[in-house]
Structures are given as C-alpha cells and as structure tokens.
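Examination of the molecular architecture
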Amino acid sequence: MTKVAQVLQDKSEQSIFTIRPDSTVFEAITLMADKGIGALVVTQDERVVGIVSERDYTRKVALLERTSSSTSVNEIMTATVLTVTTNTSIEDCLELMTDRHLRHLPVVENERLIGLISIGDLVKAAMADQKNLIEQLQQYISG
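The rules behind each value
Residues numbered from 1 in each chain as written. Predicted model: local features only at pLDDT ≥ 70, side-chain atom pairs only at ≥ 80, totals over all residues. Heavy atoms only, no water. Helix = DSSP H or I, 4+ residues; strand = E, 2+ residues; numbered from the N terminus. Buried < 20%, exposed > 50% of the residue type's maximum accessible area, 1.4 Å probe, protein only. Contact = heavy atoms within 4.5 Å. Areas by Shrake-Rupley, 256 points an atom, 1.4 Å probe, with all protein chains shown as cover. Lys, Arg positive; Asp, Glu negative; His and termini not counted. Charge placed at Lys NZ, Arg CZ, Asp CG, Glu CD. Patch = residues over 30% accessible without salt bridge, like charges linked within 9 Å, V, L, I, M, F, W, Y side chains within 5 Å. Salt bridge = Lys/Arg side-chain N within 4 Å of Asp/Glu carboxyl O. UniProt positions renumbered as here; feature names shortened; annotations may be inferred. Expected span 1.5 Å × (residues − 1).

Topic: the overall build of the protein chain
- Along its length, the protein chain carries six helices and five strands.
- The secondary structure elements of the protein chain, listed N-terminal to C-terminal, are α-β-α-β-β-α-α-α-β-β-α.
- Structurally, the protein chain occupies a C-alpha span of about 65 × 30 × 25 Å along its principal axes.
- Residue burial in the protein chain is summarised as follows: out of 143 residues, 34% are buried.
- Look at the contacts in the protein chain between residues 6 or more apart in sequence, and 55% of them connect residues 24 or more apart.
- Of the roughly 9000 Å² of accessible surface on the protein chain, a fraction of 49% belongs to carbon and sulfur atoms.
- Seen as two clouds, the 14 positive and the 20 negative side-chain charges of the protein chain have centres 2 Å apart.

Quick word on a nonpolar patch on the surface
- Together, Leu133, Leu137, Tyr140 and Ile141 give the surface a local cluster of nonpolar side chains, amounting to about 510 Å² of exposed area.
- Mapped onto the secondary structure, Leu137 falls in helix H6 (residues 119-142).
- Accessibility expressed as a relative area gives 45% for Leu137, which makes it partly exposed.

Brief notes about the UniProt feature "domain: CBS" (unreviewed entry) in the protein chain
- What UniProt calls "domain: CBS" (unreviewed entry) maps, in this numbering, to residues 11-68 and 77-133.
- Split by type, residues 11-68 is 34% helix and 26% strand. Its first and last C-alpha atoms lie 31 Å apart.
- Helix makes up 46% of residues 77-133 and strand 23%. Its end C-alpha atoms lie 40 Å apart.

Remarks on H6
- The first and last C-alpha atoms of H6 sit 35 Å apart over 24 residues, in line with the 34 Å expected at 1.5 Å per residue.
- Residues of H6 that are buried make contact with helix H1 (4-10), helix H5 (90-100) and strand S5 (112-118).
- Positive phi shows up at Gly143, right after H6, with a value of about 85°.

What follows is the structure in structure tokens.
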C-alpha cells in the first residue's frame with residue numbers, strides 16, 4: 001500500500017507554493033496563474049493556517065463583487081484545513097478527498113508544511129499500485 005511519502009517522492013514538480021494570510025487576493029491569483037496551479041497553501045511562520053483556491057476566488061470575490069486588490073487572502077481562505085502525513089495511505093487520502101470534495105491536501109510533519117498532493121497525484125499512484133498488483137497476479141498464475 002503506497003504512502004504519501006512515495007507520492008511526494010514520485011512527483012515531477014516538488015515545489016510548494018505558499019502565500020501569507022495578509023497578502024491580497026490579487027497577489028494570490030497572480031501567483032496561481034504564473035505557476036499554473038489551482039491552490040496555494042496559506043502559511044504563517046511555516047505553519048499551515050489555510051488554503052486558498054480558484055474556487056474560493058470565484059465564490060468569495062467575483063460572485064460577491066469584491067475587489068481582489070483590496071481583499072486579503074485570510075478573508076476568503078478555507079481556514080479549517082485537513083492535512084495528512086507522509087505515513088498516510090493513498091487510499092485514506094482518496095477517501096478523505098472524495099468525501100470532503102477536496103482537490104488538494106497539504107502534507108505536514110511536526111506541524112510544518114513539507115508538501116502538497118493533488119487528487120491527480122493520488123490517482124496516478126493508485127493506478128500504479130493496481131498495475132503492479134495485476135502484474136504480480138499474472139506472474140503467480142503463470143507460475
């Protein structure tokens with residue numbers, strides 16, 4: 001059973017993009033656009049205090065007719081962030097993400113952010129696990 005540690009190791013892009021809660025939403029969406037990502041982990045003193053996504057922007061700025069240059073990240077971020085550790089299984093992560101309708105999970109060790117995994121990262125890992133299992137079963141059957 002693959003763990004988050006392996007998923008992080010296998011990721012082609014290891015960068016974690018973060019933003020401070022007092023930054024403007026404009027700074028956040030500019031960073032997301034520049035990096036081609038859909039969410040940023042909000043950190044204060046290296047601790048996860050929230051997550052802000054394109055969905056947050058759409059629902060809490062655009063639809064409410066706020067301005068991104070005068071709205072701070074902490075006004076729109078999701079403050080209750082579910083996190084996982086490197087020892088969490090991909091199955092547990094997929095279940096959590098499916099049940100809670102999440103697309104990203106911060107990976108935390110000793111209260112410090114060490115990575116970010118997406119639903120795509122987990123699906124890729126689950127598919128690799130299933131492929132390996134199929135190969136093992138085929139070898140077992142063929143002797």
